[in-house]
Amino acid sequence: MADRRGAVSRAHALRGAARPLDGAPVRLAVGFGWGRGNLPEKGFYLAPLRLPRRSACGRRRGGRFRCGKEKFIGGVMKKFFAVLMLAAALILPGLAQAKDAQTSMIDDVVKRGVLRVGFSSFVPWAMQDKNGEFVGFEIDVAKRLAKDLGVELQLVPTKWAGIIPALMAGKFDVIIGSMSVTPERNLKANFTVPYDYATIEVMANKEKTKGMKFPEDFNKPEVVVALRTGSTPVPVAKKVLPNATFRLFDDEAPAVQDVLSGRADVMFSSAPLPAFEVLRNPDKLYQPSTDAFYRQPVGMVIRKGDPDSLNVLDNWIRTVEAEGWLPERRHFWFKTTDWEAQLR
C-alpha cells in the first residue's frame, strides 16, 4: 500500500487531549485505514489533529476567544460586584444595629417606670383643684393609661403654643391634652385614634353685644374676639368673623376674663367651656348661638417613627371605650357640673 493519501479514513472522533513539544494543542483521532512505513498496512491507529494555538488574551470558549474589550469589560464587572459586596457587608450590619437600638416610646416608659404626659390647662380637660392638684378629663385618661401600663404618672404642664416642639424635644412621652387632629399638626407628629371629639362654641358679653345678631353684626373690626393661641377655634373664628379683631392668649382663663370685663366682646372655645361659663355668669355672659361650628377628632400625640407605641395606645383607647370607661368619664366632665366642687 504505497499510497500516501489521507492518514485517516472513515474516522469516528473520540476527543482526548494532547500537546506536542511545539506547544500547539492537538486532539487525537482514532481511525481505521491503510498506512506506510512504520504504520501497519491495515488496522487501528492514532493520528494527531493539530488545532490553533490558545489565544494569549483569554480562554477558548464556545468556539471563540475572549480578547481586548471583552476581557476589559469582564474585569470591570468583577471589580464592581466585589466593591458592591464589600459595601453591603459594611453597611447592612450597621443598619441592623441601628434598628435594634431604636426602641419604642412604650418600651422606654416601661423600663423607666414613669409615663411623662404633656398637657395644657383647659377647663374641664385639665385644671387645678383647691389643693393645687391637676384634675379633669385628660388627667383621668392619663392616670388610667399609666395604671394599665404598670408605671407611675408624671404630669408636665406646658404652654399650648409650644407643646408640639416640647414633645419633639423629648420633654415628655405623649401629649394628652385635648389636641384635635389637623393636617398641619399631623405633618409634625402622629395621632392615635380619637378618644374624644372637639366641638367649637361661642359666648359673648351681654352688655357689649346687646341687640346684635350673630354672626352678621359681629363681623366688624370694632368687635374683639378672644382666642387661645394655636387652638382649633382660631381658624374657625377667622372663618366665621373674618373682619373682626382677634386677641390671642396663652391660656383659656385670661381670655374668659377679657370677655367678662368687656375688654373682648366674644370668645370662641371648645365645648363645654362656653356653656359652663354662661351658667356661672348668667348676668354677664350668654351664647349668641348654640350651634356647634366645628367637630374634630381628638387624639393622643407621639413622635413619628414609632408604630409599636401607636399600636399600644390605639388598642388601649379601643379597649377603655368598649368597656364603657371613656363614655362614663366624658359624661361626668362634659355633661355635669359635679366636678366643680373639687375646685372650691
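Caption draft 1: Inspection of helix 9 (residues 307–322) at higher detail. Helix length check: helix 9, at 16 residues, gives a terminal C-alpha distance of 22 Å against a target of 22 Å (1.5 Å per residue), a fit within 8%. Considering only its buried residues, helix 9 is in contact with helix 2 (105–112), helix 3 (137–149), strand 9 (174–175), strand 10 (190–191), strand 17 (301–302) and helix 10 (325–334). Gly324 sits one or two positions beyond helix 9 and adopts a positive phi of about 95°.

Caption draft 2: Structural detail: the packing of helix 3 against helix 10. One can describe the packing of helix 3 onto helix 10 by two numbers: an axis separation of 9 Å at closest approach and a directional angle of 155°. Looking at the two axes, helix 3 sits roughly antiparallel to helix 10. Crossing angle aside, the handedness with which helix 3 passes helix 10 is right-handed. On the side of helix 3, the interface is formed by Phe137, Asp140, Val141 and Arg144, while helix 10 contributes Trp325, Leu326, Arg329, Arg330, Trp333 and Phe334.

Caption draft 3: Structural detail: the nonpolar core. Within the largest apolar cluster, 47 residues are counted, with the highest numbers of intra-cluster contacts made by Val174, Ile176 and Met300. Apart from residues lying up to four places away in sequence, Val174 is in contact with Met105, Leu115, Arg116, Val117, Gly118, Leu167, Met300, Val301, Ile302 and Leu313. Within the second largest apolar cluster, 15 residues are counted, among which are Phe214, Val223, Ala244 and Phe268.

Caption draft 4: Seen up close, the environment of Ala166. With respect to the helices, strands and loops of the structure, Ala166 is situated in helix 4 (residues 163–168). Judged by relative accessible area, Ala166 falls into the buried class, the value being 13%. The spacing of Ala166 and Gly118 is 48 residues in sequence and 8.4 Å in space, taken between C-alpha atoms. Not counting chain neighbours up to four residues away, the residues in contact with Ala166 comprise Thr158, Lys171 and Phe172.

Rules and cut-offs
Residues numbered from 1 in each chain as written. Predicted model: local features only at pLDDT ≥ 70, side-chain atom pairs only at ≥ 80, totals over all residues. Heavy atoms only, no water. Helix = DSSP H or I, 4+ residues; strand = E, 2+ residues; numbered from the N terminus. Expected span 1.5 Å × (residues − 1). Contact = heavy atoms within 4.5 Å. Axes fitted to C-alpha atoms, helices over the stretch in contact; angles between N-to-C directions. Parallel < 35°, antiparallel > 145°, perpendicular 65-115°, else oblique. Left-handed = near helix turned anticlockwise from the far one by under 90°. Core = buried A, V, L, I, M, F, W, Y, C linked by side-chain atoms within 4.5 Å. Buried < 20%, exposed > 50% of the residue type's maximum accessible area, 1.4 Å probe, protein only.

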